[in-house]
Amino acid sequence: MLRYLNHCSRGRGAWLLMALVALMLELAALYFQHVMLLQPCVLCIYERCALFGIMGAGLLGAIAPSSPLRFAAIALWLYSAWEGFQLAWKHTMMQLHPSPFNTCDFFVSFPSWLPLDKWMPSIFLASGDCSVKQWAFLTLEMPQWLVGIFAAFFVVGVLVLIAQFIRPRQRDLFGR
């Protein structure tokens, strides 16, 4: 399996598939916000940013998958998946155990040199409350689904990182 992951990480297809999956999740979030009229909270916006990081890692890895740039893409992938997991876990705990002492911020805080909420408010402006349960599917709330999604991204990313240190199988004289 690790040889297969090593082989896949050296081609563009797997990287583009990862970027496409992250894009589909972003589009689903925008559908929930603009069509179903759910209000994203600050943690929702930060979780979106983590998904954009995973999408960026997929695009970065697709640029030159056989070069050392692949390792930068894996690092971005793991960092974004881990941060997204932590945010989704915190969001889940806020919803499962609401408390007036455990709340999220009212406004997102992006760096002054990257005010995404000002540049693209339709994507990055938070207007909801983190502890409010707005949507569920198969008895799981949205942050609970995101815990699983980010955990899956992280586990696969760790396996791909480990696979980078496994030598690809050399073909013998008979082509097997």
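Residues numbered from 1 in each chain as written. Predicted model: local features only at pLDDT ≥ 70, side-chain atom pairs only at ≥ 80, totals over all residues. Heavy atoms only, no water.

**Focus on the overall build of the protein**
Logical step 1: Scanning the protein from N- to C-terminus turns up 7 helices and 2 strands.
Logical step 2: Taken over the C-alpha atoms alone, the protein extends approximately 70 × 35 × 30 Å along its principal axes.
Logical step 3: Out of the 176 residues belonging to the protein, those deemed buried represent 37%.
Logical step 4: Look at the contacts in the protein between residues 6 or more apart in sequence, and 80% of them connect residues 24 or more apart.
Logical step 5: Averaging the locations of the 12 positively and 8 negatively charged side chains of the protein gives two centres separated by 20 Å. (Helix = DSSP H or I, 4+ residues; strand = E, 2+ residues; numbered from the N terminus. Buried < 20%, exposed > 50% of the residue type's maximum accessible area, 1.4 Å probe, protein only. Contact = heavy atoms within 4.5 Å. Lys, Arg positive; Asp, Glu negative; His and termini not counted. Charge placed at Lys NZ, Arg CZ, Asp CG, Glu CD.)

**Some words on unusual backbone geometry**
Logical step 1: Phi is positive for Leu37, which is not a glycine, with a value near 60°.
Logical step 2: Along the chain, the position of Leu37 falls in the loop between α2 (12–34) and α3 (42–63).
Logical step 3: Judged by relative accessible area, which is 60%, Leu37 ranks as exposed.

**Some details on the side chain of Gln33**
Logical step 1: In this fold, Gln33 is placed in helix α2.
Logical step 2: A polar side-chain atom of Gln33 sits 2.7 Å from a polar atom in the side chain of Arg48. (Polar contact = N/O pair within 3.5 Å; in protein donor to acceptor, adjacent residues only side chain to side chain.)

**Topic: the nonpolar core**
Logical step 1: If you look at the biggest cluster of nonpolar residues, it comprises 23 residues, and the most contacted ones within it are Trp15, Met18, Ile54, Trp77, Phe150 and Phe153.
Logical step 2: Not counting residues up to four positions away in its chain, the partners in contact with Phe150 are Glu47, Ala50, Leu51, Ile54, Ser80, Ala81, Gly84, Phe85 and Ala88.
Logical step 3: Counting residues in hydrophobic clusters, the runner-up holds 15 residues, among them Met94, Phe110, Phe124 and Ala126. (Core = buried A, V, L, I, M, F, W, Y, C linked by side-chain atoms within 4.5 Å.)

**Some words on the packing of aromatic side chains**
Logical step 1: Under the criterion given, the structure shown has 6 aromatic pairs.
Logical step 2: Geometrically, the ring pair formed by Trp15 and Trp77 is edge-to-face, given 5.7 Å between the ring centres and 75° between the ring planes. Here Trp77 lies in helix α4 (residues 69–96) and Trp15 lies in helix α2, a separation of 62 residues in the sequence.
Logical step 3: Judged by its relative accessible area of 6%, Trp77 is buried.
Logical step 4: Relative to Phe165, the ring of Phe71 lies with its centre 6.4 Å away and its plane at 40°, an arrangement referred to as tilted. (Phe/Tyr/Trp six-rings, centres within 6.5 Å; stacked < 30°, edge-to-face > 60°.)

**Looking at the packing of helix α1 (residues 2–9) against helix α7 (residues 142–163)**
A pair of packed helices is captured by two measures, namely the crossing angle of their axes and the spacing between those axes.
Logical step 1: Axis separation between α1 and α7 bottoms out at 8 Å; the angle between their running directions is 90°. The angle between α1 and α7 places the two elements in the roughly perpendicular class. Facing Leu2, Leu5, Asn6 and Ser9 of α1, the residues of α7 in contact are Leu159, Val160, Ile162 and Ala163.
Logical step 2: Its residues placed into classes, the contact of α1 with α7 shows 6 nonpolar, 2 polar and no charged. (Axes fitted to C-alpha atoms, helices over the stretch in contact; angles between N-to-C directions. Parallel < 35°, antiparallel > 145°, perpendicular 65-115°, else oblique. Nonpolar A, V, L, I, M, F, W, Y, C, P; charged D, E, K, R; others polar.)

**Let's talk about the state of the cysteines**
Logical step 1: Tallied over the full model, the rule gives 0 disulfides.
Logical step 2: Lacking any disulfide linkage, Cys41 is separated from the closest cysteine sulfur, that of Cys44, by 3.3 Å.
Logical step 3: Looking at Cys41, the relative accessible area reads 1%, which means it is buried.
Logical step 4: We note that Cys49 lacks a disulfide partner, and the nearest cysteine sulfur, in Cys44, lies 11 Å from it. (Disulfide = S-S within 2.5 Å.)

**Describing α3**
Logical step 1: Between its first and last C-alpha, α3 extends 32 Å over 22 residues, near the 32 Å set by a 1.5 Å rise per residue.
Logical step 2: The buried fraction of α3 amounts to 16 of the 22 residues, a majority that puts the element mostly inside the structure. (Expected span 1.5 Å × (residues − 1).)

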